[in-house]
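Observations on the model geometry
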Amino acid sequence: MSTDQVRFVRGDAPVPLPAVPPLAFSEVMRDVDLFVGVASVGNDPQWRDNGGLAQFRDYWESYSFGDLSEMAKTRKLALERLVPRLKIGKVSEIAVSSARPRL
């Protein structure tokens, strides 16, 4: 499975982004983000179907244990501000692990 483009169409005709209703655009982008975020092999520590190719193993290790992406940095900042305000705040800690699994 692969992902490529998200297009809005009416019948067979493409719809320009400014013509897409904001609520529909927001919901579709939310769904796309969720799909891409959870469908990645980087989220599966048991993933072994790499066809024996090093680039796939390297991708998984980089995705799972590499430097934080800009999105991950933003989420980390949001959690660092939010978690202390929650009931679990006093017993919680946010840490970035650099431990790598044994393959």
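Residues numbered from 1 in each chain as written. Predicted model: local features only at pLDDT ≥ 70, side-chain atom pairs only at ≥ 80, totals over all residues. Heavy atoms only, no water.

Thoughts on the overall build of the protein
Looking only at helices and strands, one finds three helices and two strands in the protein. Taken from the N to the C terminus, the helices and strands of the protein come in the order β-β-α-α-α. Nonlocal contacts in the protein, meaning residues at least 24 apart in sequence, comprise 32% of its contacts between residues at least 6 apart. Accessible surface computed for the protein: about 9000 Å², of which carbon and sulfur atoms make up 57%. (Helix = DSSP H or I, 4+ residues; strand = E, 2+ residues; numbered from the N terminus. Contact = heavy atoms within 4.5 Å. Areas by Shrake-Rupley, 256 points an atom, 1.4 Å probe, with all protein chains shown as cover.)

Considering the confidence of the model for the protein
Here the protein shows a mean pLDDT of 79. Residues at 70 or above account for 73%. Taking the mean pLDDT of every element in the protein, the minimum, 70, falls on helix 2 (residues 54-65) and the maximum, 94, on strand 2 (residues 13-14). (pLDDT = per-residue confidence, 0-100.)

Remarks on the packing of aromatic side chains
The final tally for this structure, using the stated rule, is one aromatic pair. Relative to phenylalanine 25, the ring of phenylalanine 8 lies with its centre 6.0 Å away and its plane at 35°, an arrangement referred to as tilted. Residue phenylalanine 8 is found in the segment before strand 1 (9-10), and its partner phenylalanine 25 is found in helix 1 (residues 22-39); the two are separated by 17 residues along the sequence. The class for phenylalanine 8 is buried, based on a relative accessible area of 15%. With a relative accessible area of 33%, phenylalanine 25 lands in the partly exposed category. (Phe/Tyr/Trp six-rings, centres within 6.5 Å; stacked < 30°, edge-to-face > 60°. Buried < 20%, exposed > 50% of the residue type's maximum accessible area, 1.4 Å probe, protein only.)

Structural notes on the pattern of salt bridges
Counted under the stated rule, the structure contains four salt bridges. One salt bridge in this structure joins arginine 30 and aspartate 31, with 4.0 Å as the shortest N-O distance. The exposure class assigned to arginine 30 is exposed, which follows from its relative accessible area of 54%. Using a relative accessible area of 44% as the deciding quantity, one classes aspartate 31 as partly exposed. With a shortest N-O distance of 2.7 Å, glutamate 80 and lysine 76 are connected by a salt bridge. Linking glutamate 80 with lysine 76, this pair stays in helix 3 (residues 70-82), spanning four residues, or about one helical turn. Residue classification places glutamate 80 among the partly exposed positions, given a relative accessible area of 34%. (Salt bridge = Lys/Arg side-chain N within 4 Å of Asp/Glu carboxyl O.)

Notes on the environment of lysine 73
Turning to its location among the elements, lysine 73 is positioned in helix 3. Accessibility expressed as a relative area gives 39% for lysine 73, which makes it partly exposed. Of the polar contacts made by the side chain of lysine 73, one reaches the side chain of glutamate 70; its length is 3.2 Å. (Polar contact = N/O pair within 3.5 Å; in protein donor to acceptor, adjacent residues only side chain to side chain.)

Side note on the environment of isoleucine 94
Within the secondary structure, isoleucine 94 sits in the segment after helix 3. Setting aside chain neighbours within four positions, we find isoleucine 94 in contact with Lys76, Leu79, Glu80 and Val83.

Observations regarding a nonpolar patch on the surface
On the surface, Leu79, Leu82, Leu86, Ile88, Val91 and Ile94 cluster together into a nonpolar patch covering about 540 Å² of accessible area. Turning to its location among the elements, leucine 86 is positioned in the segment after helix 3. (Patch = residues over 30% accessible without salt bridge, like charges linked within 9 Å, V, L, I, M, F, W, Y side chains within 5 Å.)

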